[in-house]
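# Survey of secondary and tertiary structure
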Amino acid sequence: MQDLNDMLYFAEVVDRGGFAAAGRALHVPKSKLSRRVAELEARLGIRLLQRTTRKLSLTTAGELYHRHCVSVREEAEAAEEAVAVVQSEPRGTIRVTCPLTLAQTTVGPLIPLFLQLHPQVRLDMQVSNRVVDLVQEGVDVALRVRPTLDDSGSLIVKNLGATQGLLVASPAQLQLQGRAHLPEDLHRLSTVAMSAGDGRASWTLLGPGGREYDFQHRPVYTADDLSTLKYAVLKGTGMCILPDYMCRRELRLGELEQVLSGWAPLPGVIHAVFPSRRGLVPAVRRFLDFLGEHVTGEGLNCPD
C-alpha cells in the first residue's frame, strides 16, 4: 500500500524549493527526504524532479503529481480541522453573496433555521446577481447557479445539487395561442425573457435522443429578474424558462403548464464557492455543511 507520507514529503520539497528547507519545516533529516522521494520515483516508475547542483525543477509528470499531493495534504488538514470544529461552537460573522431568485425561493427560508441552530453566528448576505471577487471583497461564500462548474477558477466548489429549467406558460395563454407539440410550434407563442440583444433572445432546448433546438424569438417583455417575469407568465403575457424550484408549486396547482413535453434547457448546478478549504472558520464550515444538508437538488428542502 502506498505511504501517503511520501506524498506529503514530495509536496513540501517542491513547495519549499529543496530538501533542506523541507527537512527543517518537517523536522525530518534531509537525507531521509531525499531517499523517500527517490523511492517514490522508483515505485511510480517515472522521474518527478530534475535535480541539479543549483536547484530542483519539476518534470511534466512531477507537476501533475504535485497537484494531487497538495490536494491530499489539504484534505488531511481539513480532516483535522473538521474534528476541531466538532469541539467548538460556531461563532462570528459569515459574509455571503446569493443570486436574487435563489435567495427568494430557497436560501432565504433556510437562513432563520441556520441562525436558530447557531445563535452565536451573524450572517451578512448580499442578495445580488453580480459576480463578486471573493478575495477582493472579503466574501466568505458565494452561492451560484450555473450550467457548469468549469468557470470557478481557483476557488473551491461545493456542489449542492442540480436544478432544471422548465419552459412554462399559463393555461390561459396555451388555450389562446395553442399548445406546442413540436419545437417549431413554439413560434406561435409569445415569450418573456431576462434579456434580448437587439430585441432578440435565444433559448437552447434539449430533447429526446439528445436532439438540440435553438429557439430564436422576440420577447414581448424583458426584465432582469425571474420573480418579476414569473408574474407575467402567470398572467398569460408569455412563456418563459423558469428554474424548477421557482415554479414547482404553480405546476402542482395547475397555474402553470410545461409547454413542450420532453424538451428542456441544460440543467443548472446549485453550488457554493469559497477561497480555500484551509483555514475555514467553524462558522463558515458549518454553514457549508448546513447548505449541503438542506439544498438537495431534486427536492430543495425549503418551504413551498
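Use the structure listed above.
Let us look at the structure shown here. A quick note: this is a predicted structure, and the numbers were derived from the prediction, not measured. (Residues numbered from 1 in each chain as written. Predicted model: local features only at pLDDT ≥ 70, side-chain atom pairs only at ≥ 80, totals over all residues. Heavy atoms only, no water.)

The next point concerns the sheet that holds strand β4 (residues 121–127). Spatial ordering of the open sheet is given by β4-β3-β5-β14-β6, a layout of five strands whose pairing is mixed. Looking at which strands have only one partner, the edges of the open sheet turn out to be β4 and β6 (156–163). Between one strand axis and the next, the sheet turns through 20° on average, direction left out of account. Relative to β4, strand β3 (residues 92–98) runs parallel, the two sharing seven bridges. (Pairing = 2+ DSSP bridges. Helix = DSSP H or I, 4+ residues; strand = E, 2+ residues; numbered from the N terminus. Axes fitted to C-alpha atoms, helices over the stretch in contact; angles between N-to-C directions.)

Under the counting rule described, the total for this entry stands at one cavity of 30 Å³ or more. There is about 40 Å³ of room inside the largest cavity. If you list the elements that add at least two residues to the lining of the largest cavity, you get α5 (100–117), β5 (141–146) and β14 (268–274). Of all the elements, α5 adds the most residues to the lining of the largest cavity, at three residues. Here the lining of the largest cavity is built from residues that sort into seven nonpolar, two polar and one charged. (1 Å grid on protein atoms, 1.4 Å probe; cavity = no way out; pocket = protein on both sides within 12 Å on 5 of 7 lines; lining within 4 Å. Points joined across faces, edges and corners; volume = space filled by probe spheres on them. Nonpolar A, V, L, I, M, F, W, Y, C, P; charged D, E, K, R; others polar.)

Moving on: the pattern of salt bridges. Counting across every chain of the model gives 12 salt bridges. Salt-bridge contacts for Arg51 lead to Glu41; the nearest nitrogen and oxygen are separated by 3.1 Å. Separated by 10 residues along the polypeptide, Arg51 in strand β1 (residues 49–51) and Glu41 in helix α3 (residues 30–44) bring together distant segments of the chain. Of the residues examined, Arg51 reaches a relative accessible area of 34% and is grouped as partly exposed. (Salt bridge = Lys/Arg side-chain N within 4 Å of Asp/Glu carboxyl O. Buried < 20%, exposed > 50% of the residue type's maximum accessible area, 1.4 Å probe, protein only.)

What follows is about unusual backbone geometry. For His27, which is not glycine, the phi torsion reads 60° and is therefore positive. Checked against the element boundaries, His27 lands in the loop between α2 (19–26) and α3. The backbone phi angle of Asp198 is positive, close to 55°, even though this residue is not glycine. Here Asp198 lies in the loop between β8 (192–193) and β9 (201–206).

Before going further, it helps to examine the layout of surface pockets. When its volume is computed, the largest pocket comes out at roughly 970 Å³. Around the largest pocket, the lining is made up of 40 residues, and of these Val145, Arg146, Pro147, Met194 and Leu226 lie nearest the centre. At the level of elements, β3, α5, β5, β8, β9 and β12 (240–243) are the ones that each hand at least two residues to the lining of the largest pocket. With five residues, the top contributor of residues to the lining of the largest pocket is β5. In terms of residue class, the lining of the largest pocket is built from 24 nonpolar, 11 polar and five charged.

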